[in-house]
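Spelled out from the first residue to the last, the chains are:
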Amino acid sequence: WKPGAAPAPPATPAGGSADALNLATAAQGDLVRKLKTEKAAKPEIDEAVKKLLALKAEYKAATGSDWKPGAAPSSPAAPAGGSGDALNLATAAQGDLVRKLKTEKAAKPEIDEAVKKLLALKAEYKAATGSDWKPGAAPAQVKQPSPKKEVVAVQKDGPGGELSAKVAAQGDLVRQLKTDKKPKEEIDMAVKQLLVLKTEFKAATGSDWQPAGGPAGGPAKKPEKQKKAAKEVKPKEKPKVPEAGMTRLGMEVAKEENLADWYSQVLTKAEMLEYYDVSGCYILRPWSYSIWESIKDFFDAEIKKLGVTNCYFPIFVSQAALEREKDHIADFAPEVAWVTKSGDSDLAEPIAIRPTSETVMYPAYAKWIQSYRDLPIKLNQWNNVVRWEFKHPQPFLRTREFLWQEGHTAFATFPEAKEEVMVILDLYRRVYEELLAVPVIRGKKTEKEKFAGGDYTTTTEAYISAAGRAIQGATSHHLGQNFSKMFDITFENPETGEKEFVWQNSWGITTRTIGVLVMVHGDNNGLVLPPRVACVQVVIVPCGITNSLKDEDRMALYKECELYEKELKDAGVRVKADLRENYSPGWKFNHWELKGVPIRLEVGPRDMKASQYVVVRRDNGEKLTMKKTGLKDDIPALLETIQSAMFAKAKAEMTDNVKVVTKFEDFLAHLENKCLLQAPFCGVEDCEDQIKELSKKDSDLEPGAPSMGAKSLCIPFTQPAQVVDKDKCIRPGCTNKPLFYTMFGRSY
């Protein structure tokens, strides 16, 4: 492939649109066979057969011969004027097949192959019609060669020209997939198809494919009077370059326009995180790690009041230990990372890196617990775990390695364990609401979504309004006696003298909290940090420093800033005076705004004379002039005001976007409006799967549509209404009686 050239004249004739019809007919035939094998309804089979016969007729019209399976298409007898219709039918048929395979949860290779064919048909359609294929739309007219571009038009009349158009369309598709940051597998599939098309082009024309307008087989001759023509042609739009005196240090994308790019920029430009060369792993810089330390300090102090003590267990898990609890490992198996080599030697047995520590800790519990006097045991560890996510990693929200705390407790009785589950869950609520100013909804997970191997799971669910998605904040699990039976953790009952299994809990919160904070509070100028977790709550910036300002006045201003800094530190405020002389006040304003510091305190020569200072709130931009005499009281009070205002704003966003519905059409309408739904639900797992499937949109068929269906988030402890006899389960057609209102929504 060489950039900048039009396709060379074809060496030999090729099949043109017959290729598309051949693929389409084969795909429709596959669909018909699949429907018959599965004994689908007769009207469905008849419709598929009707489409197949139409495609065969199109093929014969285009090639002059009947279609036969497995045969290469004949050269077209005449230009196929209706190829747009054929491709429209073919693409629709292939889309039906893809949807059917996904609904039936077919094997991934089978789905990938079907998607590959679908993408190829879409590329063919675009090449033939000049527009993207859309479901349900009438096919566009096949585009005609432009009479003004005579050289290109002549080449497009040949078979090499049609192949060239296919290559160009597939190239556009590859670029679009990369721009949209689609999964690697989807991009690789599209690239593979592009390479196949280029190979076909070379076989047909005898030369490499090159984009229209460039040299074919060598430099093209410059047309006469090119300079004059060039004046009439608009130059290509150049990348935006910052204006003189401007930098690219600030945010370059709006949160509401491209949330993913905004999130990536705010994390890197606010110095929260640095990307790493292992996918899904990230470097936490001091600005973000300090937030985790604030959470850790609060939570650690609170659990110690409950009698929990900290410990540390190894990061490695033997295969035998990991596989003891079958349900548990079945849920984590796809995410487990294994160590298989030491240097050049293979290990005798692979060793897992902990995805969680139940199977690491409980063999030790079995040794330590013999009598009721050994209970309760309450241990916690602050550590890292590895879950090798195959989905698209997102910093803090979905990573392969993350930091967390995991508490593991054992009790003699169920009521003790049950009580602790709720106490811990409330501590997690306090982390989010009191520290991070993020409101959460507490509830119990459905049977489908509960922790693998546990009896039940309680959760805190937060809401990201910019994405219209929920995110699981932290979970507290009651494990029942499932793990104690697997690991033989028993004690002797003092009343009966018999051995009994202990009742266990596990609970954890992760560095995902940081991502939730950023998503909920950040704006188009960067981070907005709640004062209680900001490592710098107030930044002092000296202002009014000009060339005409005398040195002694400048030094006096700096001294005044240092006095403000000392007085605020004495009042317990985390404060920093930015006295750097190589940056202007304006640059400092933008820098600290981007980093989300709650209060900027400005002091200038005039303020010194008036014994006052100016503060600017990061959360709403409000500017206030305040007297120096009240500094120690006013600033701490303002920090608390900001904390409360941030929580109130986030709470209003959540409340406005949680809807109670009883009809599935309302469910879908509110889901598309980025809402969370609370609806009557029977609790049956199959119903839950169908709700997710019915609310899903196929991104292969509707580009840009959210492909994610609504999943159950929790059964809220505070129910929006009482389930009554007339209520029906939200899933259309379900005859089961609803048991409770369940919250559904798209989720990270």
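Residues numbered from 1 in each chain as written. Predicted model: local features only at pLDDT ≥ 70, side-chain atom pairs only at ≥ 80, totals over all residues. Heavy atoms only, no water.

**Student:** Explain the pattern of salt bridges here, please?
**Tutor:** Pairs can form between side chains of opposite charge once their charged atoms are near each other. On inspection of all chains with the given rule, the structure shows 30 salt bridges. A salt bridge links Arg 617 to Glu 622; its shortest N-O distance comes to 3.5 Å. One salt bridge connects Lys 737 with Asp 725, and the closest N-O pair in it is separated by 3.5 Å. Of this pair, Lys 737 sits in the loop between β22 (711-716) and β23 (740-745) while Asp 725 sits in the loop between β22 and β23; the two residues are 12 residues apart in sequence, bridging distant segments of the chain. Judged by relative accessible area, Asp 725 falls into the exposed class, the value being 72%. What emerges from the salt-bridge pattern is a single network uniting Glu 302, Lys 305, Arg 430 and Glu 434. (Salt bridge = Lys/Arg side-chain N within 4 Å of Asp/Glu carboxyl O. Helix = DSSP H or I, 4+ residues; strand = E, 2+ residues; numbered from the N terminus. Buried < 20%, exposed > 50% of the residue type's maximum accessible area, 1.4 Å probe, protein only.)

**Student:** How should I be thinking about a nonpolar patch on the surface in this particular structure?
**Tutor:** Among the surface-exposed residues, Tyr 276, Val 278, Ile 283 and Trp 388 lie close enough to one another that they form a single nonpolar patch of about 350 Å² accessible area. Structurally, Ile 283 can be placed in strand β2 (residues 282-284). (Patch = residues over 30% accessible without salt bridge, like charges linked within 9 Å, V, L, I, M, F, W, Y side chains within 5 Å. Areas by Shrake-Rupley, 256 points an atom, 1.4 Å probe, with all protein chains shown as cover.)

**Student:** Got a minute to help me understand the pairing of strand β7 (residues 377-386) in this structure?
**Tutor:** Each regular strand carries side chains that alternate between the two faces of the sheet. Among the 10 residues in β7, 9 count as buried, and that is most of the element. Taken together, the 2 bridges between strand β3 (residues 309-310) and β7 define a ladder with parallel strand orientation. Bridge pairing links Thr 309 to Leu 379 in β7. Of the strand pairs in this sheet, β7 and strand β8 (residues 401-411) are connected by 10 bridges, and their pairing is antiparallel. Within β8, the position partnered with Val 386 by the bridge is Glu 401. (Pairing = 2+ DSSP bridges.)

**Student:** It is not clear to me how the nonpolar core should be interpreted in this structure. Could you clarify?
**Tutor:** Side chains of nonpolar character tend, in soluble globular proteins, to be buried together. Residues Met 272, Phe 299 and Val 518 are the most contacted members of the largest nonpolar core, which totals 57 residues. Among the elements that make up this core, the one with the highest residue count is helix α10 (residues 286-305) (7 residues). Beyond its immediate chain neighbours, meaning those up to four positions away, Phe 299 contacts Trp 382, Gln 405, Ile 424, Leu 427, Tyr 428, Val 431 and Trp 507. Of all hydrophobic cores here, the second largest spans 25 residues; its members include Ala 321, Ala 364, Phe 451 and Val 502. (Core = buried A, V, L, I, M, F, W, Y, C linked by side-chain atoms within 4.5 Å. Contact = heavy atoms within 4.5 Å.)

**Student:** How should the sheet that holds strand β18 (residues 612-617) be read in this particular structure?
**Tutor:** Strand pairing within a sheet occurs via backbone hydrogen bonds; the two strands may be parallel or antiparallel. Strand order across the open sheet formed by 5 strands is β16-β15-β17-β18-β19, with mixed pairing between neighbours. Strands at the two margins of the open sheet, each flanked by one partner only, are β16 (575-577) and β19 (623-627). Between one strand and the next, the sheet's axes are offset by a mean angle of 25°, whatever the strand orientation. By the bridge criterion, 5 bridges tie β18 to β19 in an arrangement that is antiparallel. Within the sheet, the bridge partner assigned to Val 616 lies in β19 and is Lys 623. Relative to strand β15 (residues 538-542), helix α17 (residues 551-570) is tilted by about 170°, and along the sheet it contacts β15, β16, β17 (599-603) and β18. Packed on one face of the sheet, helix α18 (residues 585-594) meets β15, β16 and β17 and runs near 170° to β15. (Axes fitted to C-alpha atoms, helices over the stretch in contact; angles between N-to-C directions.)

**Student:** It is not clear to me how the confidence of the model for the protein should be interpreted in this structure. Could you clarify?
**Tutor:** Atom-level detail of predicted coordinates should not be read off regions where pLDDT is low. When the pLDDT values of the protein are averaged, the result is 85; 85% of them are 70 or greater. Every residue in residues 1-16 scores below 50 in pLDDT, and together they form 57 contacts with partners more than four places removed in sequence or on other chains. Across residues 213-242, where pLDDT falls below 50, the model places 18 contacts with residues more than four positions away in sequence or in other chains. (pLDDT = per-residue confidence, 0-100.)

**Student:** Sorry if this is basic, but what is going on with the packing of aromatic side chains here?
**Tutor:** Geometry of an aromatic ring pair is reported as the spacing of the ring centres plus the angle between the planes. Within the structure shown, the criterion is met by 18 aromatic pairs. Ring centres 6.1 Å apart and planes at 50° place the aromatic pair Phe 313 and Trp 368 in the tilted group. Of this pair, Phe 313 sits in the loop between β3 and β4 (316-318) while Trp 368 sits in helix α13 (residues 358-368), and the two are 55 residues apart along the sequence. The exposure class assigned to Phe 313 is buried, which follows from its relative accessible area of 9%. Grouping aromatic residues by their ring pairs yields a cluster made of Phe 313, Tyr 362, Tyr 365, Trp 368, Phe 483 and Phe 487. The ring of Trp 382 carries the charged tip of Lys 296 above its face, separated from the ring centre by 5.4 Å. In this structure, Arg 600 is placed above the aromatic ring of Phe 589, and the distance from its NZ or CZ to the ring centre is 3.9 Å. (Phe/Tyr/Trp six-rings, centres within 6.5 Å; stacked < 30°, edge-to-face > 60°. Lys NZ or Arg CZ within 6 Å of the ring centre and 35° of its normal.)

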